[in-house]
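Architecture at a glance
Spelled out, the chains give:
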Amino acid sequence: MCRNIKTLFNFDPPTTEEEIRAASLQYVRKIIGFNKPSKANEPSFLSAVDDVAAISSRLLRSLETNAPPKNREEEAAKAKARGAARYGT
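Summarised in this report is the structure supplied together with it. (Residues numbered from 1 in each chain as written. Predicted model: local features only at pLDDT ≥ 70, side-chain atom pairs only at ≥ 80, totals over all residues. Heavy atoms only, no water.)

**Section: the side chain of T15**
By the secondary structure assignment, T15 is in the loop between β1 (11–12) and α1 (17–32). On the accessibility criterion, T15 (18% relative accessible area) is buried. A distance of 2.3 Å separates the side chain of T15 from the backbone oxygen of L8, its partner in a polar contact. With near-sequence residues (within four places) excluded, T15 lies in contact with L8, I20 and R72. (Helix = DSSP H or I, 4+ residues; strand = E, 2+ residues; numbered from the N terminus. Buried < 20%, exposed > 50% of the residue type's maximum accessible area, 1.4 Å probe, protein only. Polar contact = N/O pair within 3.5 Å; in protein donor to acceptor, adjacent residues only side chain to side chain. Contact = heavy atoms within 4.5 Å.)

**Considering the packing of α1 against helix α2 (residues 42–62)**
The contact between α1 and α2 brings their axes to 8 Å, and the two run at 130°. Between α1 and α2, the crossing angle belongs to the class labelled oblique. Crossing angle aside, the handedness with which α1 passes α2 is right-handed. Of the residues in α2, those in contact with E17, I20, R21, S24, L25, Y27, V28, R29 and I32 of α1 are F45, L46, A48, V49, D50, V52, A53, S56, S57 and L60. Looking at the contact of α1 with α2 residue by residue, the classes come out as 12 nonpolar, 3 polar and 4 charged. (Axes fitted to C-alpha atoms, helices over the stretch in contact; angles between N-to-C directions. Parallel < 35°, antiparallel > 145°, perpendicular 65-115°, else oblique. Left-handed = near helix turned anticlockwise from the far one by under 90°. Nonpolar A, V, L, I, M, F, W, Y, C, P; charged D, E, K, R; others polar.)

Read these as spatial facts, not as claims about activity.
Take a look at the structure:
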């Protein structure tokens, strides 16, 4: 579940709201221990995802760095190479 949470800071093009929400969804799923809430818990679940996404978005906008932005394609290729080395594929 948590492997889907990717680093979102300092990319060109900048991180989208959809990427932030997807990472927030994965985080909330991880801390509660299941992928889909019951109907009774769905409002709390969705509210938590919205809150985490809003806070994450605010955090990413407030961070500063002198490092050049990372290239998404290069980072994806590095991650794929790490996965291949780890799993032997």
